[in-house]
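Chain residues, written in single-letter form:
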Amino acid sequence: YEELSFFAPLLKELMAAAGAGAPAPSGARSVEGVRKYLMGLLWVLTMYHHGYCGDFYFVFEKSLRPFASASLAAKHLDEMLEEGPLEASSTATPPMRPLSCALCILPV
């Protein structure tokens, strides 16, 4: 499968326009939160484009939710791209079997 990626200049312009006027939350983990948020977007796009889930165990942590912000993405995008390209989360770990899934959702 081909890897999907963002075109950085267009993404930065889009995020700046979407986050215009919105206050950008700050914090020590803001760059990490924005990176995970954009990786999650790529993960979803990959699922819709290819029709399969590359990582059944991808989770966007609750503690990073305040950093899923367009204004923060525009602010930190150049800094993140210097660290390396953004890629959708993928793993070779197989999904849970149907019986395991059923046991996970049974009421206790």
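Refer to the structure above for everything that follows.
Draft legend 1. View of the packing of helix H2 (residues 30-50) against helix H3 (residues 70-83). It is at 9 Å that the axes of H2 and H3 come closest, and there the two elements cross at 85°. One finds that H2 runs roughly perpendicular with respect to H3. Contact with H2, carried on its side by Ser-30, Val-31, Val-34, Arg-35 and Leu-38, involves Leu-72, Ala-73, His-76, Leu-77, Glu-79, Met-80 and Glu-83 of H3 and no other residues of that element.

Draft legend 2. Region of interest: the packing of helix H1 (residues 8-18) against H3. Packing of H1 against H3 brings their axes to within 6 Å, and their N-to-C directions diverge by 155°. One way to sum up the angle between H1 and H3 is to call them roughly antiparallel. Crossing of H1 against H3: the hand is left-handed. Across from Ala-8, Leu-11, Lys-12, Met-15, Ala-16 and Ala-18 in H1, the residues of H3 making contact are Ala-70, Ser-71, Ala-73, Ala-74, Leu-77, Asp-78 and Leu-81.

Draft legend 3. Up close: the environment of Leu-41. Counting through the fold element by element, Leu-41 comes out in helix H2. On the basis of relative accessible area, Leu-41 is assigned to the partly exposed category, the value being 30%. Linking Leu-41 and Glu-87, residues 46 residues apart in sequence, is a C-alpha distance of 9.8 Å.

Draft legend 4. Region of interest: the pattern of salt bridges. Enumeration over the complete set of coordinates arrives at four salt bridges. With a shortest N-O distance of 2.5 Å, Lys-12 and Asp-78 are connected by a salt bridge. Residue Lys-12 is found in helix H1, and its partner Asp-78 is found in helix H3; the two are separated by 66 residues along the sequence. Exposure remark for Lys-12: the relative accessible area of 30% places this residue in the partly exposed category. Residue classification places Asp-78 among the partly exposed positions, given a relative accessible area of 42%. With a shortest N-O distance of 3.3 Å, Glu-61 and Arg-29 are connected by a salt bridge.

Rules used throughout
Residues numbered from 1 in each chain as written. Predicted model: local features only at pLDDT ≥ 70, side-chain atom pairs only at ≥ 80, totals over all residues. Heavy atoms only, no water. Axes fitted to C-alpha atoms, helices over the stretch in contact; angles between N-to-C directions. Helix = DSSP H or I, 4+ residues; strand = E, 2+ residues; numbered from the N terminus. Parallel < 35°, antiparallel > 145°, perpendicular 65-115°, else oblique. Contact = heavy atoms within 4.5 Å. Left-handed = near helix turned anticlockwise from the far one by under 90°. Buried < 20%, exposed > 50% of the residue type's maximum accessible area, 1.4 Å probe, protein only. Salt bridge = Lys/Arg side-chain N within 4 Å of Asp/Glu carboxyl O.

Shape descriptors only; they carry no functional weight alone.
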